[in-house]
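Residues per chain, in single letters:
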Amino acid sequence: MSNGQWYPPEWPDRIRAHASGELTAVTPKRAATVMLLRDTADGPAVHMLRRRASMAFAGGAYAYPGGGVDPRDDDHLVRWAGPSLQAWADRLGVDQASAQAIVCAAVRETYEEAGVLLAGETPGTVVGDTTGDDWEADRRALVERELSFADFLDRRGLVLRSDLLAAWARWITPEFEPRRYDTWFFVAALPEGQRTRNASTEADRTVWIRPAEGAAGYDKGDLLMMPPTVATLRALEPYRAASDALAAAGEQDLTPVLAQARLDDQGHLVLSWPGHDEFTKHIPTEGSR
């Protein structure tokens, strides 16, 4: 492997099975992930976690805090600040209920996995330190799904600060993968007074790293990453401050990126991600070996 692209050994067989019609694609689950930024003297750094090697999906890979949507966030109107649900629905390409659930997932997962909460007592404030025992009890209840995010906000008297988030990209797990996610990537700045920590049971390490350094680590094969992670890291490289990245988010294309597999003239299976040629893989088939 010349770089750190995460590529499961079972993928070639699954791609062949999918191409021959032997494998039926599962419906992807909605998910959200957040590129949390903080400014440094050398430009913004992004918070990343390394998934435990024992994880069934992308074990050992570096990623951002994120996870699946909680269905309870579709039908309970949460305390909300920032762009309207219709504005978010238009940006994300979904209906209002789904927009609320996706944004809630982004904020909730950032709190669950990094201990950072994008919420405040009023639409113009954000909470400070969230490391106390009472906060930790609520965080664990969210992780265990004993507490919905809407109920968490209500009991704390907090408003979700959707204006502290901006949508950046959307990637869908390939159709031949058994664990599929339709994932919206967001960008946000670390709120003043809060600090990150490794609060996730799925990660064995967390780092703050400049996007260019993270991408260079991937290119050298030192950091294992999935294509969406590398692509979004590279996209963040030009920005000199977190605020610059947030300001540029509205210009980012949210057309879903979905891997495609085809058979070329040499009898090889070609796996590609439209618009991202660096991730293309040529896989020999049984007859072409």
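Worth saying up front: this structure is predicted, and the values here are computed from it rather than measured.

Trainee: Requested: an account of the overall build of the protein, with residues and values cited.
Mentor: Along the protein, the regular secondary structure elements total 9 helices and 14 strands. When the backbone C-alpha atoms are referred to their principal axes, the protein occupies close to 65 × 45 × 35 Å. Across the 289 residues of the protein, 52% fall into the buried class. For the protein, long-range pairs separated by at least 24 residues make up 70% of all intrachain contacts whose partners lie at least 6 apart in sequence. When the accessible area of the protein is evaluated, it comes to approximately 12900 Å², of which 47% is carbon and sulfur surface.

Trainee: Account for the packing of aromatic side chains, naming residues and giving values.
Mentor: With the rule as written, the count across this model stands at 8 aromatic pairs. Ring geometry for Trp 135 and Phe 152: centres 6.3 Å apart, planes at 70°, overall edge-to-face. Of the two residues, Trp 135 is situated in helix α5 (residues 133–143) and Phe 152 in helix α6 (residues 149–156); the sequence distance between them amounts to 17 residues. Per residue, the accessibility class of Trp 135 equals that of Phe 152, and both read buried.

Trainee: How would you summarise the sheet that holds strand β6 (residues 119–120) if you had to cite specific residues and measurements?
Mentor: Within a sheet, neighbouring strands are paired by backbone hydrogen bonds and run either parallel or antiparallel to one another. Read from one edge of the open sheet, 3 strands run β5-β7-β6, paired in mixed fashion. Looking along the sheet, the strands with just one partner apiece sit at the ends: β5 (80–81) and β6. Bridging between β5 and strand β7 (residues 159–161) involves 2 bridges; their strand directions are parallel. When the sheet's bridge partners are listed, Ala 81 is paired in β7 with Arg 161.

Trainee: Tell me about the layout of surface pockets, and name the residues and values.
Mentor: Over the atoms rolls a probe the size of a water molecule, and in doing so it shows where empty space is left. Roughly 1000 Å³ of volume is contained in the largest pocket. For the largest pocket, the lining is made up of 41 residues, of which Arg 51, Gly 66, Gly 67, Tyr 181 and Glu 202 are closest to its centre. Only β1 (29–38), β2 (45–51), β4 (66–68), α4 (96–114), α5, β8 (165–172), β9 (181–189) and α8 (227–236) provide two or more residues apiece to the lining of the largest pocket. Taken together, the residues of the lining of the largest pocket sort by class into 22 nonpolar, 9 polar and 10 charged. As a volume, the second largest pocket reaches approximately 170 Å³. Surrounding the second largest pocket, Trp 168, Ala 169, Arg 170, Trp 171, Ala 231, Thr 232, Ala 235, Gln 252, Asp 253, Thr 255, Val 257 and His 276 form its lining. If you list the elements that add at least two residues to the lining of the second largest pocket, you get β8 and α8. Looking at the lining of the second largest pocket, the element that brings in the most residues is β8, giving 4 residues. Here the residues of the lining of the second largest pocket sort into 6 nonpolar, 4 polar and 2 charged.

Trainee: I'd like a description of the pattern of salt bridges, backed by residues and values.
Mentor: Inspection of every chain in the model, using the stated rule, returns 20 salt bridges. We note a salt bridge from Asp 204 to Arg 50, for which the minimum N-O separation is 2.8 Å. In this pair, Asp 204 sits in strand β10 (residues 203–209) while Arg 50 sits in strand β2, placing the two residues 154 residues apart along the sequence. With relative accessibility at 35%, the residue Asp 204 sits in the partly exposed group. Overall, the relative accessible area of 27% leaves Arg 50 in the partly exposed class. One network of salt bridges, with partners in common, ties together Asp 70, Arg 72, Asp 73, Arg 108, Glu 109, Glu 112 and Arg 145.

Trainee: Which residues make up unusual backbone geometry, and what values do they have?
Mentor: Although it is not a glycine, Arg 145 sits at a positive phi angle of roughly 60°. Looking at where Arg 145 falls in the secondary structure, it is placed in the loop between α5 and α6.

Trainee: I'd love a proper account of the packing of helix α3 (residues 85–92) against α4, names of residues and values included.
Mentor: α4 packs onto α3 with a crossing angle of 85° between their chain directions and a minimal axis gap of 8 Å. By the criterion of interaxial angle, the relationship of α3 to α4 is roughly perpendicular. For the pair α3 and α4, the contacting residues are Leu 85, Gln 86, Trp 88, Ala 89 and Leu 92 in the first and Gln 96, Ala 99, Gln 100, Ile 102 and Val 103 in the second. In terms of residue class, the contact of α3 with α4 is made up of 7 nonpolar, 3 polar and no charged.

Trainee: A description of α3 should follow, citing residues and the corresponding values.
Mentor: Within α3, the full set of buried residues consists of Leu 85, Trp 88, Ala 89 and Leu 92. Along the axis of α3, the buried residues cluster in a sector spanning 105°; they form a single face. Summarising the contacts, the buried residues of α3 are in contact with β5, α4, β8 and β9. Positive backbone phi, at 75°, marks Gly 93, one or two positions downstream of α3.

Procedures and definitions
Residues numbered from 1 in each chain as written. Predicted model: local features only at pLDDT ≥ 70, side-chain atom pairs only at ≥ 80, totals over all residues. Heavy atoms only, no water. Helix = DSSP H or I, 4+ residues; strand = E, 2+ residues; numbered from the N terminus. Buried < 20%, exposed > 50% of the residue type's maximum accessible area, 1.4 Å probe, protein only. Contact = heavy atoms within 4.5 Å. Areas by Shrake-Rupley, 256 points an atom, 1.4 Å probe, with all protein chains shown as cover. Phe/Tyr/Trp six-rings, centres within 6.5 Å; stacked < 30°, edge-to-face > 60°. Pairing = 2+ DSSP bridges. 1 Å grid on protein atoms, 1.4 Å probe; cavity = no way out; pocket = protein on both sides within 12 Å on 5 of 7 lines; lining within 4 Å. Points joined across faces, edges and corners; volume = space filled by probe spheres on them. Nonpolar A, V, L, I, M, F, W, Y, C, P; charged D, E, K, R; others polar. Salt bridge = Lys/Arg side-chain N within 4 Å of Asp/Glu carboxyl O. Axes fitted to C-alpha atoms, helices over the stretch in contact; angles between N-to-C directions. Parallel < 35°, antiparallel > 145°, perpendicular 65-115°, else oblique. Arc of directions from axis to C-beta.

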